[in-house]
Amino acid sequence: GRQRLGGLTVHWFRHVDGTAMRTASVCCRVRLTARPSSSAAFKAGPAHIRSFSRNGRQLQRKAKVDVRNGLEATVGRQRLGGNSKSTAMATNAVANAGSEKCKVAVLGTGLLGAKVAERLIHDGFDVAVWNRTSEKCAYLGEMGAKCCVSATDALSYCDVVLLYLSDAQAIESTLFEEESAVEALAGKCVVQMGTIGPAESKRLLERTLVADAKYLEAPVLGSLPEAIKGTLLVMVGAGEDPSNYTAWPVLQALGQSPVYIGDVGTAAAVKLALNQLIASLTVGFSTSLGLLQANNVDVDKFMGILRESALYAPTFDKKLQRMLDREYSNPNFPTKHLLKDINLFLGEAEIAGIDTGTLKGLRGVVERTLDMGLADTDYSALHDGVTKQ
């Protein structure tokens, strides 16, 4: 098989005796320093790999990587994109390529959590799912997931826990309220993938460490189509190189190139900053569109000008037809979640001494939209909050 890992393209295959061998190309070379135990198995391997091993190309510089099956590779310490941290992460990825996939529990199978579970099942992971409303898990069981009756059941089953719960309070009650759940956390890798505040994420880190588990945050940008395709933009906050974590191959399955932001709390801050832009851009575009409609302006002509300007953002076209039709059903991101994120951003902004006057005005628009009964609709419903007084 072939997999893109950071700056490397990793090729791997399995011999008839079950031994996995790997080569890496593009930014470094790898020399196999041990052959499979069976010479017949070696001869059965692909021709280019047999030739590669016989030629015994010279080891490139330093950085030895111990491969779990007894092979040893040496990877050049060439910088990837000028970032030595990326080199180390790619090197670790080479060592893990082709290894047995871990068991994953997805806690919270709402809109995004369910699609993430689908993606992991499709990618060959052993997946367990749990949701407070068990009916939301049923179809995932038909796809091959283990549907758990409790969060503790899911935690006991897995190596990696992905949290797609509504907020930090829901996370804490799920993981730490019952002693059985706390005990089941020991030795696991907990990944917080929803939108919470930096301070909340740091508190989760502390409580997870007390439970003898590892913790990292990995909020994502993208929606249901990207989750299904494995093209989410994954932002990682961790206390060390995240490619050392058991969860790293899982994150790569969801987003091809997860971005290591920094310590726990930094990725949460980036996610809030991006979601604030969702509110700002949507309300700003709705306001302009409302003025055009009030003056019977041809929207297509306006969009033609906007698309050629530096003011254009792709989200405008994604939400335009919904706004024109006032059709907000089948949401990718419900309006009520946007209000939660704005409130989180306001709290962090006030702590940081950032003026919040404009954002409070945006919050008023979102609250008015919810008062219209549009809490569970797509956030493009903000157009009604802007134009219907």
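## A word on the packing of aromatic side chains
No. 1: For the structure on display, the rule yields three aromatic pairs.
No. 2: Look at Phe285 and Phe316: their rings are 4.6 Å apart centre to centre, the planes differ by 10°, and that puts the pair in the stacked class. Here Phe316 lies in helix α14 (residues 314-325) and Phe285 lies in helix α12 (residues 266-294), a separation of 31 residues in the sequence. The pair formed by Phe285 and Phe316 is uniform in burial state, with each residue classed as buried.
No. 3: Seen in terms of ring centroids, Tyr312 and Phe316 are 6.3 Å apart; in terms of plane orientation they differ by 80°. Their pairing is edge-to-face.
No. 4: Taking the relative accessible area as the measure of exposure, Phe316 reaches 8% and is therefore buried.
No. 5: The structure contains a cluster of three or more aromatic residues connected by ring pairs, namely Phe285, Tyr312 and Phe316.
No. 6: A cation over a ring is seen here: Lys214 above Tyr245, with NZ or CZ 5.1 Å from the ring centre.

## Looking at the pairing of strand β14 (residues 259-262)
No. 1: As defined by bridge partners, strand β13 (residues 233-237) adjoins β14 across three bridges and the pair is classed as parallel. Note on β14: the bridge partner recorded for Val236 is Tyr260.

## Re the nonpolar core
No. 1: In terms of nonpolar packing, the biggest core is built from 36 residues, with Leu120, Leu162 and Val191 touching the most fellow members.
No. 2: Those elements that provide at least two residues to this core are β6 (103-107), α4 (111-122), β7 (126-130), β9 (160-163), β10 (189-192), β13 and α11 (248-254).
No. 3: Core analysis: the next-biggest nonpolar cluster, separate from the first, contains 28 residues, Ala128, Val161, Leu185 and Leu204 among them.

## A word on the confidence of the model for the protein chain
No. 1: Residues with a pLDDT of 70 or more make up 75% of the protein chain, whose mean pLDDT is 81.
No. 2: For residues 2-82, every residue scores under 50 in pLDDT, and the model assigns this stretch 159 contacts once sequence neighbours within four places are set aside.
No. 3: With pLDDT under 50 throughout, residues 90-98 is counted as low confidence; its partners more than four residues away or in other chains account for 30 contacts.

## Some points on the packing of α12 against α14
No. 1: Closest axis-to-axis distance for the α12/α14 pair is 11 Å, and the angle between their directions is 50°. Here α12 lies oblique to α14, going by the angle between them. Seen along the crossing, α12 lies across α14 with a hand that is right-handed. Here α12 contributes Leu281, Thr282, Phe285, Ser286, Leu289 and Gln293 to the contact with α14, which in turn contributes Thr315, Phe316, Leu320, Met323 and Leu324.

## Thoughts on the pattern of salt bridges
No. 1: All chains considered together, the criterion is met by 11 salt bridges.
No. 2: Of the charged contacts in the structure, one is a salt bridge between Arg207 and Glu172, with a shortest N-O distance of 2.6 Å. Here Arg207, found in helix α9 (residues 198-210), pairs with Glu172, found in helix α7 (residues 168-176); they are 35 residues apart in sequence, far enough to count as distant.
No. 3: Taking relative accessible area as the criterion, Arg207 reaches 35% and is therefore assigned partly exposed.
No. 4: Given a relative accessible area of 15%, Glu172 falls into the buried group.
No. 5: Note that Lys336 is salt-bridged to Asp376, the shortest N-O span being 2.7 Å. Residue Lys336 is located in helix α15 (residues 335-352), and its partner Asp376 is located in the loop between α16 (357-371) and α17 (382-387); the two are separated by 40 residues in the primary sequence.

## Structural notes on unusual backbone geometry
No. 1: The backbone of Arg326 sits at a positive phi, close to 50°, despite the residue not being glycine.
No. 2: Take Arg326: it is sitting in the loop between α14 and α15.
No. 3: A positive phi angle is found at Asn330, which is not glycine, with a value near 50°.
No. 4: Secondary-structure assignment places Asn330 in the loop between α14 and α15.
No. 5: Classification of Asn330 by relative accessible area gives exposed; the value is 63%.

## What about α14?
No. 1: The complete set of buried residues in α14 reads Phe316, Lys319, Leu320 and Met323. Buried residues of α14 fall within an arc of 145° about the axis and therefore sit on the same side. Turned more than 90 degrees from where α14 packs its buried face, Pro314 and Lys318 sit exposed.
No. 2: Taken together, the buried residues of α14 touch α12, α13 (299-307) and α17.

## With respect to the packing of α13 against α14
No. 1: At a minimum axis separation of 13 Å, α13 and α14 run at an interaxial angle of 170°. By the angle between their axes, α13 is roughly antiparallel relative to α14. Of the two possible hands of crossing, α13 and α14 adopt the one that is right-handed. Counting all contacts with α13, which are made through Val299, Met303, Leu306 and Arg307, the residues of α14 involved are Phe316, Asp317, Leu320 and Leu324.
No. 2: Looking at the contact of α13 with α14 residue by residue, the class counts come to six nonpolar, no polar and two charged.

Procedures and definitions
- Residues numbered from 1 in each chain as written.
- Predicted model: local features only at pLDDT ≥ 70, side-chain atom pairs only at ≥ 80, totals over all residues.
- Heavy atoms only, no water.
- Phe/Tyr/Trp six-rings, centres within 6.5 Å; stacked < 30°, edge-to-face > 60°.
- Helix = DSSP H or I, 4+ residues; strand = E, 2+ residues; numbered from the N terminus.
- Buried < 20%, exposed > 50% of the residue type's maximum accessible area, 1.4 Å probe, protein only.
- Lys NZ or Arg CZ within 6 Å of the ring centre and 35° of its normal.
- Pairing = 2+ DSSP bridges.
- Core = buried A, V, L, I, M, F, W, Y, C linked by side-chain atoms within 4.5 Å.
- pLDDT = per-residue confidence, 0-100.
- Contact = heavy atoms within 4.5 Å.
- Axes fitted to C-alpha atoms, helices over the stretch in contact; angles between N-to-C directions.
- Parallel < 35°, antiparallel > 145°, perpendicular 65-115°, else oblique.
- Left-handed = near helix turned anticlockwise from the far one by under 90°.
- Salt bridge = Lys/Arg side-chain N within 4 Å of Asp/Glu carboxyl O.
- Arc of directions from axis to C-beta.
- Nonpolar A, V, L, I, M, F, W, Y, C, P; charged D, E, K, R; others polar.

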